[in-house]
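Report on the structure
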Amino acid sequence: MIRSLYRGATWLAAPLLRRHLARRLPQGKEEAERLGERYGKASLPRPAGRLGWLHGASVGETQSLLPLIAALTERQPDLTLLVTTGTVTSARLLARRRPPRTLHQYLPLDRQAWVARFLDHWRPDFVLWVESELWPNLLSEAARRGIPLALVNGRLSARSQSRWALAGSLIRPLLRGFRIVLAQDAAQAARLAGLGARNPQCLGNLKFAGDPLPADEAALAELRRALAGRKIWLAASTHTGEEAIMAAAHGALAPRHPGLLTIIAPRHVERAPAIAAELAAAGWKVARRSQNEPVTAATQIYLADTMGELGLFYRLAPVAFVAGSFRWQGHNPFEPALLGAAVLSGPQVANFQDIFDRMAAVGAVSFAAEAELPAAIERLLADAEGAGLRARAFAEAERAGILERILTALAPVTDPPHA
C-alpha cells in the first residue's frame with residue numbers, strides 16, 4: 001500500500017521536482033549542462049561489456065568508494081564502473097581522483113519514469129549502494145529487473161531507523177532486495193536487520209580502506225616555509241555557527257601563543273565569502289586561500305576555502321579539530337588520524353560514533369565541549385607528536401585487511417557469473 005502511494009506521489013510530483021532543481025541551479029547545487037541526468041537522461045554512451053553501478057550520495061560516500069573502484073577495475077580488466085552521486089562537490093571530487101574506466105552521472109530523482117529511463121540506458125550488471133540513502137523507486141526497479149544488489153558500509157542512525165520503522169512495508173522489501181548487506185559496525189547491522197535486511201555482516205568500515213588524502217607537495221613545502229616557527233591548528237569541515245567558535249578559541253589562545261595561526265576549512269566552500277565577512281567584521285585578520293591571499297605575520301585566521309585540499313592541511317597542522325561536532329553529528333576522524341594529526345572533536349559525533357568510541361579507547365582522540373575548546377587545543381599543541389602517533393597507530397591497524405575482506409564478501413555480486 002505504502003509503496004503504491006509513494007510511487008503515485010512521485011509520479012504526480014514531477015512539476016515540483018523540476019522547480020526544486022531549478023531553485024538549486026543558481027545556488028550552485030546543480031550543473032545546468034547536466035541537468036538532464038537528474039531526469040534519467042544519460043549524457044554519456046554506455047560502453048560495451050560489463051558495467052557495474054556504484055552510488056554514493058555525497059563527498060564522504062564518494063571518497064570511501066575510491067579504493068573499492070580501484071580494486072574492482074584492477075581485478076576485472078573488462079569492467080567499467082558507473083558512479084552516481086547527488087552533489088556537485090562529489091562530482092568534482094570524482095573528476096579529480098577517479099581511476100580509469102570510471103564514469104560519472106548524477107543520480108536521477110526518484111520518479112519511476114526517470115528511473116526506468118536511467119536503467120534502460122545503462123543496464124548495469126550489478127549495483128553497489130553505499131551507506132544510507134535508500135530510494136524506493138530506484139532500488140525496487142533494479143531488483144525487479146533482476147540486477148544483483150549489495151549494500152556496502154550500510155549505516156542508519158537511530159532516528160532514521162525509527163522513521164523507517166513507521167514505513168515497514170516500504171523499507172522491508174527494499175532491504176531484502178540486497179543480496180549482500182555489509183554494515184559499518186555491529187550497531188548498524190542490528191538496525192538494518194531489525195528493518196528486514198538479510199544477514200548483515202560487519203567486516204570493517206569502508207572509510208578505513210582508503211589511502212591518506214592527497215596533497216600537493218610543492219604547496220605543502222611553500223606553506224611550511226611561510227609558517228615556519230608558528231603554532232598552527234586546524235578546524236576541519238566547519239558548519240554554520242562553528243567558525244565563530246573557532247575564532248573565539250583563537251582569541252583565547254593567542255595571548256599565550258604569539259604568532260598562532262588558526263586554519264578554518266569550511267565543509268561547504270560556497271559559504272566562504274560570508275564566513276570571511278563575518279570574521280573580518282569581528283576584527284580578525286583573515287586570508288582566503290581560494291583568492292591566493294598571502295599568509296603574512298599579521299594573518300590570524302587562514303580560510304582554507306578550496307576543494308580537495310584537506311590532505312594538505314592535515315599534514316600542515318599538528319592539531320586537527322574535526323568540526324560538525326558542535327552544530328551537526330560529526331565528521332570522519334579517520335582521515336586526520338591516518339596522516340598523524342592529533343585529533344580533537346566536539347561531543348556530537350553520532351554519525352561516526354563507533355569510530356570515535358574505539359579511538360577514545362586507545363587514546364587516539366580527545367573531546368571538548370565548546371567552553372573547553374581553547375584548553376583542549378592547548379594541551380594537544382603541547383603533546384601533538386604523541387597524540388598524533390597514537391592516532392596514526394589506530395588508523396593503520398584498523399585499515400589493515402578491510403578492503404580484501406569487503407571484496408571477498410561482494411564477489412557473488414560483483415564477479416562475472418562464470419568466474
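Notes on the structure in this doc start here.

What counts as what
Residues numbered from 1 in each chain as written. Predicted model: local features only at pLDDT ≥ 70, side-chain atom pairs only at ≥ 80, totals over all residues. Heavy atoms only, no water. Helix = DSSP H or I, 4+ residues; strand = E, 2+ residues; numbered from the N terminus. Rg over C-alpha atoms; globule rule 2.2 N^0.38 Å. Buried < 20%, exposed > 50% of the residue type's maximum accessible area, 1.4 Å probe, protein only. Contact = heavy atoms within 4.5 Å. Lys, Arg positive; Asp, Glu negative; His and termini not counted. Charge placed at Lys NZ, Arg CZ, Asp CG, Glu CD. Phe/Tyr/Trp six-rings, centres within 6.5 Å; stacked < 30°, edge-to-face > 60°. Lys NZ or Arg CZ within 6 Å of the ring centre and 35° of its normal. Core = buried A, V, L, I, M, F, W, Y, C linked by side-chain atoms within 4.5 Å. Pairing = 2+ DSSP bridges. Arc of directions from axis to C-beta. Axes fitted to C-alpha atoms, helices over the stretch in contact; angles between N-to-C directions. Parallel < 35°, antiparallel > 145°, perpendicular 65-115°, else oblique. Left-handed = near helix turned anticlockwise from the far one by under 90°. Polar contact = N/O pair within 3.5 Å; in protein donor to acceptor, adjacent residues only side chain to side chain.

With that settled, the discussion passes to the overall build of the protein chain. The helix and strand tally for the protein chain stands at 18 helices and 14 strands. The C-alpha radius of gyration of the protein chain comes to 22 Å, within 12% of the 22 Å expected for a compact globule of 419 residues. Counting only C-alpha atoms and orienting by the principal axes, one finds that the protein chain spans roughly 65 × 45 × 45 Å. Counting over 419 residues, the protein chain shows a buried share of 53%. Within the protein chain, residue pairs in contact and separated by at least 24 positions form 68% of the contacts whose partners lie at least 6 positions apart. With 50 positive and 37 negative side-chain charges, the protein chain shows a separation of 6 Å between the mean positions of the two kinds.

So, about the packing of aromatic side chains. All chains considered together, the criterion is met by 8 aromatic pairs. Relative to W129, the ring of W53 has its centre 5.5 Å away and its plane inclined at 80 degrees; by these criteria the two rings are edge-to-face. Residue W53 is located in strand β1 (residues 50-55), and its partner W129 is located in strand β4 (residues 126-130); the two are separated by 76 residues in the primary sequence. Across this residue pair, the class does not change: W53 and W129 are buried. Members of the aromatic cluster, connected to one another through ring pairs, are W53, F118 and W129. The cationic tip of R18 hangs over the ring face of Y39; the distance from NZ or CZ to the ring centre is 4.5 Å.

Counting residues in each nonpolar core, the largest one holds 43 residues, and the members touching the most others are L54, L68, L128, M359, I406 and L410. Excluding its chain neighbours within four sequence positions, the residues that come into contact with L410 are L68, L128, A150, V152, I180 and L182. Among the nonpolar cores identified, the runner-up in size contains 31 residues, and L82, W122, A167 and A183 belong to it.

The parallel open sheet is built from 7 strands, whose spatial order is β3-β2-β1-β4-β5-β6-β7. Every interior strand has two partners, whereas the edge strands, β3 (102-106) and β7 (201-202), have only one. The pairing of β1 with strand β2 (residues 79-85) spans 6 bridges and is parallel. Within β2, the residue paired with G52 across the bridge is L81.

The backbone of N153 sits at a positive phi, close to 60 degrees, despite the residue not being glycine. Structurally, N153 can be placed in strand β5 (residues 149-154). According to the relative accessible area criterion, N153 is buried, its value standing at 1%. Here N199, not a glycine, exhibits a phi torsion of approximately 45 degrees, which is positive. Inspection of the secondary structure puts N199 in the loop between α9 (186-194) and β7.

Residues of helix α12 (residues 272-281) that are buried: A272, I275, A276 and L279. For α12, the arc enclosing every buried residue in end-on projection is 95 degrees, short of the 170-degree limit, so these residues lie on one face. Those residues of α12 that are exposed and aimed more than 90 degrees away from the buried face are A274 and A281. After α12 finishes, the residue G283 shows a positive phi value of roughly 100 degrees.

All right, on to the packing of helix α3 (residues 59-75) against helix α18 (residues 402-414) then. With their axes 11 Å apart at the nearest point, α3 and α18 run at an angle of 60 degrees to one another. Taken together, the axes of α3 and α18 lie oblique to each other. Helix-helix and strand crossings are classified by hand; for α3 and α18 the assignment is right-handed. Across the interface between the two elements, P67, L68, A71, L72 and R75 of α3 pack against L403, E404, I406, L407, L410 and T414 of α18.

This part covers the environment of E370. The topology assignment puts E370 in the loop between β14 (366-367) and α16 (373-382). Separated by 321 residues in the primary sequence, E370 and G49 place their C-alpha atoms 54 Å from one another. Sequence-distant contacts of E370, that is, excluding residues within four places in its chain, are made with I245, F326 and R327.

If you trace the 7 strands from one edge of the open sheet to the other, you get β10-β11-β9-β8-β12-β13-β14, paired in parallel fashion. Of all the strands in the sheet, just β10 (286-288) and β14 have a single pairing partner and so form its edges. Where strand β8 (residues 232-238) meets strand β12 (residues 319-322), 4 bridges bridge the pair, whose relative direction is parallel. Across the sheet, the residue bridging to A235 is F321, located in β12.

Positionally, R38 belongs in the loop between α2 (14-24) and β1. What makes R38 buried here is its relative accessible area of 8%. A distance of 3.2 Å separates polar atoms of two side chains, one belonging to R38 and the other to E30. Apart from residues lying up to four places away in sequence, R38 is in contact with L21, R24, E30, G86, Y106, L107, P108, L109 and W114.

Worth remembering: the numbers are spatial, not functional.
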